[in-house]
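Architecture at a glance
The chain contents come next:
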Amino acid sequence: MTQYSIGLTDLDVATTGYVLSLDDLADYQGTDPAKYHLGLGQDCFSVPGADEDIVTLAATAASRLVARHPEHKITQLYFATETGVDQSKSAGVFVHQLLGLAPNVRTVELKQACYSATAALQLAVGHITRFPQEQVLVIASDIARYALDTPGEPTQGAGAVAMLVSAEPHLVALEPVTGFYTADVNDFWRPTDSSTPYVNGHLSLDAYLDATAGAYDDAMRRAPGLDLEDIDRFLHHQPFTKMARKAHRHLGQHLGVELDDALIEESMSVNRQLGNSYTASLYFALAAQLTNNAELARKRLGFFSYGSGSVAEFFTGVVQPGYTVHLDYLEHLQADLNARKTLSVEQYRQLHHSYRLDSDNYTTPTDTATSFRFAGVTDHVRQYETGLLPS
């Protein structure tokens, strides 16, 4: 039987049309901005407009990717999110229609806090192992939304990453090295009757650190020939970038070594500007890592994926030769971040207050520059529009 490498052949990203500066939030709260810039490692966070949600973000990222692959062989669409828009229907089905994909595509939504995009990625690898001539579209899309005037408020954010998984990938080949960790921890959760989560900050940090060590140990047990020195860069889930630094240092302490911060530094530039994007966070870190270093060919990346509650996984992938010519998202990544309209704190709070979770009939204003928009609800059904840009 022919052996194939399997992994990411392309990816693309999207975020919202608005942004809030943490300098402005700190000024409003009467707080030292260093609490956010240094204490959290964040500078600002993306804010969704009234006509933006996880579907519009996902469709934007995925449409860019699919447009580059008109001869694609996508037969599966896995949508990972912890901010789903329906308790039954997958958000991926909306995206499937917006992208105009063929009907013979398996579409499903996965949930386990911030971890589920990694589960989707591993499911994709399993499918391509069986059907190497096909491709899988994996989308991670989330909006981190916390209650106003709470400790979690400055760690909000939003974004989507779309990934095309195939045999003989162009970007990163995933290795059969993986380790798991699960513990029933009430560190972060959002009941079905709440639009914002409940968070135990101290417990969440401890759970994250425990899961980091546990998943890594399991991976090393499964792959006894792999050593710490064989990993050239580490990518951590980044609910805020300081959390990733703490996890990286904790891993070093767990192993009795001092791990250089330089091994994670290149992966943090995007999330520092974006805020928390839950399932997409780790893969925005990957986008940043590939963007910020053109000398990674044949280098091994170690991925730490974590989702509160809690589930974690450590896995590895090797960056492919010639990867730099396939970084098409570079054409718009920083431009999209720069193009976000800066909100005043008052405007941001008004948007936050106006968020709707109900399914009564309503329409949303067209106020963000996007090719896909959430138009409102009609007869309890969410409505999406394509190709409508504000004048």
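Residues numbered from 1 in each chain as written. Predicted model: local features only at pLDDT ≥ 70, side-chain atom pairs only at ≥ 80, totals over all residues. Heavy atoms only, no water.

1. Re the pairing of strand E4 (residues 74-80)
The side chains of a regular strand alternate, first on one face of the sheet and then on the other. Convention followed: Accessible area is worked out with a 1.4 Å probe on protein chains only. A residue is then buried under 20% of its type maximum, exposed over 50%, and partly exposed in between. Counting from the N terminus, the helices are DSSP H or I runs at least four residues long and the strands are E runs at least two residues long. Here the rule is simple: two strands pair whenever DSSP picks up at least two bridges between them. Looking down the strands as they point away from the viewer, one classifies a crossover as right-handed if the path from the first strand across the helix to the second runs clockwise.
Among the 7 residues of E4, 7 are classified as buried, and the element is accordingly described as predominantly covered. Note that E4 and strand E6 (residues 135-144) share 6 bridges and pair parallel. Of the residues in E6, the one forming a bridge with Gln 76 is Val 136. One ladder, built from 5 bridges, connects E4 with strand E5 (residues 106-110); its direction is parallel. From the neighbouring strand, Phe 79 faces E5, where its bridge partner is Glu 109. In this region the chain leaves E4, passes through helix H4 (residues 91-99) and returns to the parallel neighbour E5; the handedness of that crossover is right-handed.

2. So, the UniProt feature "active site" (unreviewed entry) in the protein chain
Put simply, the rule is: UniProt positions are given in the numbering used here, feature names are shortened, and annotations may be inferred rather than shown by experiment. With a 1 Å grid laid over protein atoms only, a set of points is called a cavity when a 1.4 Å probe fits there but cannot get out and a pocket when it is open yet has protein on both sides within 12 Å along at least five of seven lines; lining residues have an atom within 4 Å of a point. Between two residues, a contact is recorded if the distance between any of their heavy atoms is within 4.5 Å.
Those places that UniProt annotates as "active site" (unreviewed entry) correspond, in this numbering, to Glu 82, Cys 114 and His 237. Taken from the residues named earlier, the lining of the second largest pocket is made up of Cys 114 and His 237. Within the secondary structure layout, Glu 82 lies in the loop between E4 and H4. Among the residues examined, Glu 82 registers a relative accessible area of 12% and is labelled buried. What Glu 82 contacts, discounting residues up to four positions off in sequence, is Ala 113, Cys 114, Asp 142, Phe 188, Arg 190, Tyr 278 and Thr 279. By the element assignment, Cys 114 lies in the loop between E5 and helix H5 (116-130).

3. Considering the side chain of Arg 373
The condition is simple: Within 3.5 Å is the distance limit for a polar contact, defined as a pair of N or O atoms, with the added protein rule that one can donate a hydrogen and the other accept it, and that residues adjacent in sequence qualify only through two side-chain atoms.
Considering the arrangement of structural elements, one finds Arg 373 in strand E16 (residues 372-378). For Arg 373, a relative accessible area of 3% corresponds to the buried category. Of the polar contacts made by the side chain of Arg 373, one reaches the backbone oxygen of Thr 364; its length is 2.7 Å.

4. Brief notes about the layout of surface pockets
What counts is decided by this rule: Grid points are joined across faces, edges and corners, and a volume is the space filled by probe spheres set on the points. Residue classes follow a fixed rule: Ala, Val, Leu, Ile, Met, Phe, Trp, Tyr, Cys and Pro count as nonpolar, while Asp, Glu, Lys and Arg count as charged, and any other residue, Gly among them, counts as polar.
Volume-wise, the second largest pocket comes out at about 790 Å³. As for the second largest pocket, its lining consists of 31 residues, of which Pro 151, Gly 152, Val 199, Gly 201 and Phe 240 are closest to the centre. Looking at the lining of the second largest pocket, the elements that each hand over two or more residues are helix H2 (34-37), strand E10 (198-199), helix H6 (201-222) and helix H7 (241-255). Ranked by residues supplied to the lining of the second largest pocket, first place goes to H6 with 5 residues. Of the residues contributing to the lining of the second largest pocket, the split by class is 18 nonpolar, 11 polar and 2 charged.

5. Overview of H7
An α-helical turn contains 3.6 residues, so any two residues separated by three or four positions project in the same direction. The line we're drawing: Expected helix span is taken as 1.5 Å per residue step, with the number of steps being one fewer than the number of residues.
End to end, H7 covers 22 Å across 15 residues, agreeing with the expected 21 Å (1.5 Å per residue, within 8%). Close packing links the buried residues of H7 with H6, strand E11 (233-236), helix H8 (262-265), helix H9 (269-274) and strand E12 (300-307). Gly 256, located one to two residues past H7, shows a positive phi value of around 75°.

6. Observations regarding the pattern of salt bridges
For the record, the criterion: Should a side-chain nitrogen of Lys or Arg be within 4 Å of a carboxyl oxygen of Asp or Glu, the pair is scored as a salt bridge.
Inspection of the entire model under this criterion finds 17 salt bridges. With a closest N to O distance of 3.1 Å, Asp 336 and Arg 64 form a salt bridge. Within this pair, whereas Asp 336 is found in helix H11 (residues 333-339), its partner Arg 64 is found in helix H3 (residues 54-67), the two being separated by 272 residues in sequence. Between Arg 221 and Asp 218 there is a salt bridge; the shortest N-O distance is 2.6 Å. Here Asp 218 and Arg 221 lie together in helix H6, a separation of 3 residues that amounts to about one turn.

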